[in-house]
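# Report on the structure
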Amino acid sequence: MAEPTPNEVTGVDVAPVTDWFRANIDGVVPPLTFELIAGGRSNLTFKVDDAGGHTYVLRRPPTSHVLPTAHDMGREHRIISALADTPVPVAPALGFCDDPEVNGQPFYVMGYVDGHILRDGTTAAKVLDESRRRAAGESLVEVLAAIHAVDPDAVGLGELGRKEGYIERQLKRWNGQFEQSKSRDIPVMDDVFAFLSSHVPEQQGAAIVHGDYRLDNTMLGDDGQVKAVLDWEICTLGDPLADVGLLMVYWADPDDAHQALGLSPTTLPGFPRRSEIVRLYEARSDRDLSQLNFYVAFGYWKLACILEGVFARYSGGAMGGDRSGFEGFGEQVVRLAEQARAAADRV
């Protein structure tokens, strides 16, 4: 088999990055080849293959519109390093580079975890049978409970963020962003914000909060078990039930009239239903879930805030390209707000 040859790829300065690998990653065999496997407005993820048959993953910020607080490579590397010896499955952290002379922006390297990311029903139906879909749902909950059971101070993450007042800070942050970006009046958003602000439950301790925990932010094995939790870029400390509420937003049941973000694989036979997910988490956690509907409402509202910002940029032409079809995207924001209000009515 011919040896791979170095390739040019946007986001990687191959020669200096290869030199960094040679100096910092044990056992690497140049030349290296780089393949973009995830990108967009979020951090860029590259699969890296060397001439010795080893595979790594490199993560770096986007090539434009970089917000240091949202694309902190050192923070991500610190989190997966700290979780390495806990029951939380993460990719092995191999190295971090904060020298902009190497690749323009900081980056980190982790071990490659082979498995499946279930972003749609077609993939889920192909790689997992019904019993393994069930196992995937159960494993997802077990891992979330494991994340929330980690003592941040014990693993060196006690200063990752402020521990108290998480929901209050989140409400202020996202409402501020919504007000700055909104392209029209959406009264239901204001109504839900007022309700959430006046009904914040007492926080049940401070835990590691992933911030975007859902099925397609994990790597699954052939048996359905979670092999690694991915995308720690907005992880902080705070109220763990925010993770549970947002998981409920993303986790779709077959009879749902609307799904948060397109067609979810969780509607397939075998996956636990949303109510089962709640019971599974309750059985593996010592936290009171009687106020979970508040966190579900918050999850829908937060997602609506985020999508309104994206919709406003597209409808205003700031992101270029074909803007057709984004009227429906704007309607999705209103639909999420209505789902937030429906959840709030159950609080």
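Here goes a summary of the coordinates provided. (Residues numbered from 1 in each chain as written. Predicted model: local features only at pLDDT ≥ 70, side-chain atom pairs only at ≥ 80, totals over all residues. Heavy atoms only, no water.)

### Section: the pattern of salt bridges
A full pass over the atoms with the stated rule returns 19 salt bridges. Here Arg134 ties to Glu276 by a salt bridge, and the two come within 2.6 Å at their closest N and O atoms. A residue pair is termed long-range when its members are at least 10 positions apart, and Arg134 in helix α5 (residues 130-149) and Glu276 in helix α9 (residues 274-284) qualify at 142 residues. Its relative accessible area of 28% is what places Arg134 among the partly exposed residues. Across the salt bridge formed by Arg274 and Asp256, the nearest N and O atoms sit 2.6 Å from each other. One end of the pair, Arg274, is in helix α9; the other, Asp256, is in the loop between α8 (241-250) and α9, and 18 residues separate them in sequence. Taking relative accessible area as the criterion, Asp256 reaches 23% and is therefore assigned partly exposed. It is possible to trace a salt-bridge network through shared partners that takes in Arg59, Glu76, Asp231 and Glu233. (Salt bridge = Lys/Arg side-chain N within 4 Å of Asp/Glu carboxyl O. Helix = DSSP H or I, 4+ residues; strand = E, 2+ residues; numbered from the N terminus. Buried < 20%, exposed > 50% of the residue type's maximum accessible area, 1.4 Å probe, protein only.)

### What to know about the environment of Ala337
Take Ala337: it is sitting in helix α11 (residues 326-345). Since its relative accessible area comes to 0%, Ala337 is described here as buried. It is 9.4 Å that separates the C-alpha atoms of Ala337 and Pro187, two residues lying 150 residues apart in sequence. Excluding its chain neighbours within four sequence positions, the residues that come into contact with Ala337 are Val188, Met189, Val192 and Ala304. (Contact = heavy atoms within 4.5 Å.)

### Notes on the pairing of strand β2 (residues 44-50)
Counting buried positions over the 7 residues of β2 gives 5, a clear majority of the element. Bridging between strand β1 (residues 32-38) and β2 involves 6 bridges; their strand directions are antiparallel. Along β2, the bridge assignment pairs Thr33 with Asp49. Examined bridge by bridge, β2 and strand β3 (residues 55-60) share 6 bridges and lie antiparallel to one another. If you follow Phe46 over to β3, its bridge partner there is Leu58. (Pairing = 2+ DSSP bridges.)

### Thoughts on the packing of α8 against α9
Contact geometry for α8 and α9: axes closest at 10 Å, N-to-C directions at 160°. Taken together, the axes of α8 and α9 lie roughly antiparallel to each other. Viewed along their axes, α8 and α9 form a crossing whose handedness is right-handed. For the pair α8 and α9, the contacting residues are Leu241, Val244, Leu247 and Met248 in the first and Arg274, Ile277, Val278 and Tyr281 in the second. Across the contact of α8 with α9, the residue classes break down as 7 nonpolar, no polar and 1 charged. (Axes fitted to C-alpha atoms, helices over the stretch in contact; angles between N-to-C directions. Parallel < 35°, antiparallel > 145°, perpendicular 65-115°, else oblique. Left-handed = near helix turned anticlockwise from the far one by under 90°. Nonpolar A, V, L, I, M, F, W, Y, C, P; charged D, E, K, R; others polar.)

### As for helix α7 (residues 187-198)
Each α-helix turn comprises 3.6 residues. Residues three or four places apart therefore point the same way. Along its 12 residues, α7 runs 17 Å from first to last C-alpha, staying within 8% of the 16 Å computed at 1.5 Å per residue. Buried within α7 are the following residues: Val188, Met189, Val192 and Leu196. Projection of α7 onto a plane perpendicular to its axis shows the buried side chains occupying an angular sector of 100°, all on one side. The exposed residues of α7 that point more than 90 degrees off its buried face are Pro187 and Ser198. (Expected span 1.5 Å × (residues − 1). Arc of directions from axis to C-beta.)

### Things to note about the sheet that holds β3
Spatially, 5 strands are ordered β1-β2-β3-β5-β4 in an open sheet, and the strand pairing comes out antiparallel. Sheet topology places β1 and β4 (93-97) at the edges, where each strand pairs with a single neighbour. Taken over all neighbouring pairs, the strand axes of this sheet differ in orientation by 25° on average, direction set aside. In this structure, β3 lies alongside strand β5 (residues 107-111), joined through 4 bridges in antiparallel fashion. Across the sheet, Val57 pairs through a bridge with Met110, a residue of β5. Against the sheet, helix α1 (residues 14-24) contacts β1, β2, β3, β4 and β5, and its axis sits at roughly 105° relative to β1. On the sheet, helix α2 (residues 73-82) packs against β3, β4 and β5 and is oriented at approximately 160° with respect to β4.

### What to know about unusual backbone geometry
Residues Pro30 and Pro31 are joined by a peptide bond in cis, for which omega reads 5°. Looking at the element boundaries, Pro31 is found in the loop between α1 and β1. Here the phi dihedral of Asp231 falls at roughly 55°; this positive angle occurs in a residue that is not glycine.

### Digging into the packing of α5 against α9
In contact at an axis separation of 9 Å, α5 and α9 are set at 40° when each is read in the N-to-C sense. Classified by the interaxial angle, the pair formed by α5 and α9 is oblique. Relative to α9, the crossing made by α5 is right-handed. Note on element contacts: α9 touches α5 through Glu276, Ile277, Leu280, Tyr281 and Arg284, opposite Arg134, Gly137, Glu138, Val141, Glu142, Leu144, Ala145 and His148.

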